[in-house]
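Single-letter residue listing:
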Amino acid sequence: MALGVLLPMCCQAFLERSDFCIETSPTLLIDMDRRVVMPSEKQKKCLITATTLTVKEKDSLIDTMCTDHGSTTMKKSIHHFFKLHNGELNGRGAHQEICSGNAHTMLAWVPYSIMIQNYAAELNPKERLSYIAKATNLEREKTELCHFRHTDLVNGVLDNLFTCVVMIFEDNFYGVEDNINVLVELQPLMYQLRNVTYLPWRNVTNSYKMHLGNAMLKNPSGQRKPIYGSINYAYVEKIRLNTSSIYTPEHQLEKLPLLLEHRGSVLELNEAGEGGLDVHEQAYFGRTMDAKSDVKVQIIGQWVDQHREFSADVYEYYGHGLVRFKLPITGARLTLVRIDGTEPAFEAPESSNLAKASLFRDMDAAPAKLSVNGSAEFNEWEAEEEGSSFYPWFVISCLLIGIVLVIVIYGIVRVYNKKQKERQKYELANTNNTQSCA
């Protein structure tokens, strides 16, 4: 199995703010009443801590903010909440956004004192707004939604002048001593593409070949037999995601950094949708070798561009491992630039007994050529060229044909000479008879 590690991108990778922490468990009353003498390591590390709302708290908030329970000012009043992105103040929103469903539902509470220390300096003192909060009275063991003034936060009011008015009937208020927590909206930092399923369609384009390494096959025994070997190699697999297939009008996703599940790792892509992964593989090879022989092997890798389509689930990532399902997508495209196969290149064999090592000659006896992951289809090894045994037979055949031609020519010449002699005798006999008659 391939092992992947995240590679540094050409541009700076996204970094989570280390002093901004997210808690998903609600703060209990007993914890609120406890006086911390020695803060823990986590408390020392977390300058800002946001605690997400429970399901019950969220339902109560929506019911109170979006439904009129007798307050004559609720529909006319506009109360605000803060938006935090990676612990940084990134704007404010009105409660109508929560009621209409336009706001992200990842809501959280941040202590009022923390808001003063970290965000009050970024606010305009001239604004006249009110912010949504919750107040918890430990003596009465009661928690209610309330709203407080913008000027209290800007001026850092931490005494009896601070008031957080109850939200519904506005007939009561809470003070700073009542554990005031301000409502904030956590904005996603990036999207995670999880549960990736590749579709059947693919388009593969072969690229260049690369030398991966050298090895040696040895057969020390006295018998001719198959010998196998393997080498480990590493390369950088490149991923190029077609971002236009992700950020479509149908999906309505913001252009955030992307995390892609690939080869059992979570890979961070840059703004162009590109990333890289260190991959470690093993290549197998073998051939039939004669007794007491050895041969050097070079392993060659074939680079390919694989164009694939896939479906995945999109999750919003808020930091510190907090994720939330967003929507499923299909038809997304990416290109994988990787080594898809390997092949051995055998050099001239060396033997102590001058016996030549040969490749497999028949398909039945040939061992399988294994791919890099051991699961690809099997191919027979190339057979050794048989030109070495053809040359002697060619020479012998030429000699035999030459001998036959010589015998045939000799016979023809001999018959021709014999006929010439008989003709000369006949002509001589005719000449003698003519002279006698004269």
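Placed above this text is the structure.
This report concerns the structure included in the present document. Here the structure is a predicted model, which is why all the values come from computation and not from measurement.

Cut-offs and rules
- Just so you know, the residues in each chain are numbered from 1, in the order the chain's sequence is written.
- Residue-level local features of this predicted model are given only where pLDDT is at least 70; pairs of side-chain atoms are given and counted only at 80 or more, and the full residue set underlies all totals for whole chains, interfaces and linings.
- As a convention, hydrogens and water are excluded, and side-chain values are obtained from all of the structure's heavy atoms.
- Only DSSP runs of H or I covering at least 4 residues are called helices, and only runs of E covering at least 2 are called strands; the numbering of each starts at the N terminus.
- In this scheme, a helix's expected span is set at 1.5 Å multiplied by one less than its residue total.
- Exposure categories follow from relative accessible area, calculated using a 1.4 Å probe and restricted to protein chains: below 20% of the type maximum is buried, above 50% is exposed, and the middle band is partly exposed.
- Comment: arc refers to directions from the helix axis out to C-beta atoms.
- For this analysis, residues touch if any pair of their heavy atoms sits within 4.5 Å.
- Salt bridge, as applied in this entry: a Lys or Arg side-chain nitrogen positioned within 4 Å of an Asp or Glu carboxyl oxygen.
- We define a nonpolar core as any set of buried Ala, Val, Leu, Ile, Met, Phe, Trp, Tyr and Cys residues linked to one another through side-chain atoms lying within 4.5 Å.
- Each Phe, Tyr or Trp ring (for Trp, its six-membered ring) is paired with any other whose centre lies within 6.5 Å, and the angle between the two planes then decides the class: stacked below 30 degrees, edge-to-face above 60, tilted in between.
- Put simply, a disulfide is two cysteine sulfurs that come within 2.5 Å.

1. A closer look at helix α3 (residues 55-66)
Thought 1: End to end, α3 covers 16 Å across 12 residues, agreeing with the expected 16 Å (1.5 Å per residue, within 8%).
Thought 2: Of the residues making up α3, those classed as buried are Leu61, Thr64 and Met65. Relative to the axis of α3, the buried residues are bounded by an arc of 90 degrees and lie together on one face. Residues Val55 and Lys56 are exposed on α3 and point more than 90 degrees away from its buried face.
Thought 3: Packed against the buried residues of α3 are α4 (95-100), β5 (107-111), β6 (130-137), β7 (142-149) and β10 (180-186).

2. Remarks on the pattern of salt bridges
Where charged atoms of side chains with opposite charge meet at close range, the side chains can pair.
Thought 1: Summed over the entire model, instances satisfying the criterion amount to 16 salt bridges.
Thought 2: A salt bridge links glutamate 237 to arginine 263; its shortest N-O distance comes to 2.6 Å. In this pair, glutamate 237 is assigned in strand β12 (residues 225-241) and arginine 263 in the loop between β13 (258-262) and β14 (265-269), connecting sequence segments 26 residues apart.
Thought 3: Classification of arginine 263 by relative accessible area gives partly exposed; the value is 24%.
Thought 4: Of the charged contacts, one joins arginine 338 and glutamate 237 as a salt bridge, the two residues approaching to 2.8 Å between their closest N and O atoms. One end of the pair, arginine 338, is in strand β17 (residues 322-346); the other, glutamate 237, is in strand β12, and 101 residues separate them in sequence. Pair check on accessibility: arginine 338 and glutamate 237 agree, each one buried.
Thought 5: Each of the salt bridges in this network shares a partner with another, and the network as a whole consists of Glu237, Arg263, Glu281 and Arg338.

3. Side note on the nonpolar core
Thought 1: Counting 34 residues, the largest nonpolar core has Phe82, Tyr112, Phe148, Leu153 and Leu186 as the members making the most contacts within it.
Thought 2: Examining the composition of this core, we find that 5 residues originate from one element, helix α5 (residues 112-119), more than from any other.
Thought 3: In contact with leucine 153, other than residues within four places in its own chain, are Phe82, Tyr112, Met115, Ile116, Ala120, Leu123, Tyr131 and Phe148.
Thought 4: Core analysis: the next-biggest nonpolar cluster, separate from the first, contains 21 residues, Tyr191, Leu241, Ala332 and Leu336 among them.

4. Regarding the packing of aromatic side chains
Thought 1: Taken as a whole and assessed by the stated rule, the structure comprises 10 aromatic pairs.
Thought 2: Consider the rings of tyrosine 112 and phenylalanine 148, whose centres lie 5.4 Å apart with planes at 80 degrees: the pair is edge-to-face. With a gap of 36 residues between them, tyrosine 112 in helix α5 and phenylalanine 148 in strand β7 connect regions that are remote in the sequence. The same class applies to tyrosine 112 as to phenylalanine 148, namely buried.
Thought 3: Each ring, one from phenylalanine 148 and one from phenylalanine 162, has its centre 5.7 Å from the other, and the planes form 50 degrees; the classification is tilted. Taken together, the residues phenylalanine 148 in strand β7 and phenylalanine 162 in the loop between α6 (150-154) and β8 (164-166) connect sequence positions 14 residues apart.
Thought 4: Residue phenylalanine 148 is classed as buried on the basis of its relative accessible area of 1%.
Thought 5: Residue phenylalanine 162 is classed as buried on the basis of its relative accessible area, which comes to 1%.
Thought 6: One aromatic cluster is present, formed by Phe82, Tyr112, Tyr131, Phe148 and Phe162 through successive ring pairs.

5. Overview of the state of the cysteines
Thought 1: This model, assessed by the stated rule, comprises 3 disulfides.
Thought 2: Paired through a disulfide, cysteine 66 and cysteine 99 show a sulfur-sulfur distance of 2.1 Å. Sign of the S-S torsion, about -95 degrees for the bond between cysteine 66 and cysteine 99, identifies this disulfide as left-handed. One end of the pair, cysteine 66, is in helix α3; the other, cysteine 99, is in helix α4, with 33 residues separating them in the sequence.
Thought 3: Note that cysteine 146 is cross-linked by a disulfide to cysteine 164, the S-S spacing being 1.9 Å. Its torsion about the S-S bond being 85 degrees, the disulfide of cysteine 146 and cysteine 164 is classed as right-handed. Taken as a pair, cysteine 146 in strand β7 and cysteine 164 in strand β8 lie far apart in primary sequence, 18 residues in all.
Thought 4: Among the cysteines of the protein that take part in disulfides, numbered as they appear in the sequence, the pairing is 1-2, 3-4, 5-6.

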